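Residue strings, one per chain:
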Amino acid sequence: MLEIAVKAADSKRAVDIVALNVSQVSLLADYFMICSANSDRQINAIVDEIMDKEEEAQVKVKRVEGKDGGKWVLIDLGDLIVHVFSTSEREFYNLEKLWSDAPLENIEAWID
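Owing to the predicted nature of the structure, the values given are computational and were not obtained by experimental measurement.

For the chain, the count of helices and strands is four helices and five strands. Ordered by position in the sequence, the α and β elements of the chain form the string α-β-β-α-β-β-β-α-α. Against the globule reference of 13 Å for 112 residues, the chain gives a C-alpha radius of gyration of 13 Å, in line with a compact fold. Residues counted as buried form 44% of the 112 residues belonging to the chain. Here the contacts in the chain between residues at least 6 apart in sequence split such that 59% fall between residues at least 24 apart.

What follows concerns the pattern of salt bridges. Across all of its chains, the model carries eight salt bridges by this definition. Between Glu49 and Lys53 there is a salt bridge, with the nearest N and O atoms lying 4.0 Å from each other. Of this pair, Glu49 and Lys53 both sit in helix α2 (residues 40-56), four residues apart, roughly one helical turn. When its relative accessible area of 33% is taken as the criterion, Lys53 is described as partly exposed. Taking the shortest distance from any N to any O, the salt bridge between Glu96 and Arg90 comes out at 2.4 Å. Accessibility expressed as a relative area gives 23% for Glu96, which makes it partly exposed. Residues joined in a network through salt bridges with shared partners are Asp16, Arg90 and Glu96.

About the cut-offs
- Residues numbered from 1 in each chain as written.
- Predicted model: local features only at pLDDT ≥ 70, side-chain atom pairs only at ≥ 80, totals over all residues.
- Heavy atoms only, no water.
- Helix = DSSP H or I, 4+ residues; strand = E, 2+ residues; numbered from the N terminus.
- Rg over C-alpha atoms; globule rule 2.2 N^0.38 Å.
- Buried < 20%, exposed > 50% of the residue type's maximum accessible area, 1.4 Å probe, protein only.
- Contact = heavy atoms within 4.5 Å.
- Salt bridge = Lys/Arg side-chain N within 4 Å of Asp/Glu carboxyl O.

Structure representation (structure tokens):
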């Protein structure tokens, strides 16, 4: 699930993709994937691609929040929660710092 989301985001040129293993610090999910985009249009393209690829892999998209706002979209896939931010929103909310107790996952092999 995480690999699919990372590759889908990367295929739409998401910026600074990171994955946090939150399984030991949160009951919400096992992983958070965080990435940025340079425009509202790109955010929507990334979100659509992730949802399409996950659904192709039989992963149920439980909920999507913020798609109409275009600055921060959250995709709930159960064990994985994907955050797609505009660059300024990501800097403002700084989820990586908020969840700094969660170790980073090595996703380099999945990114071109």
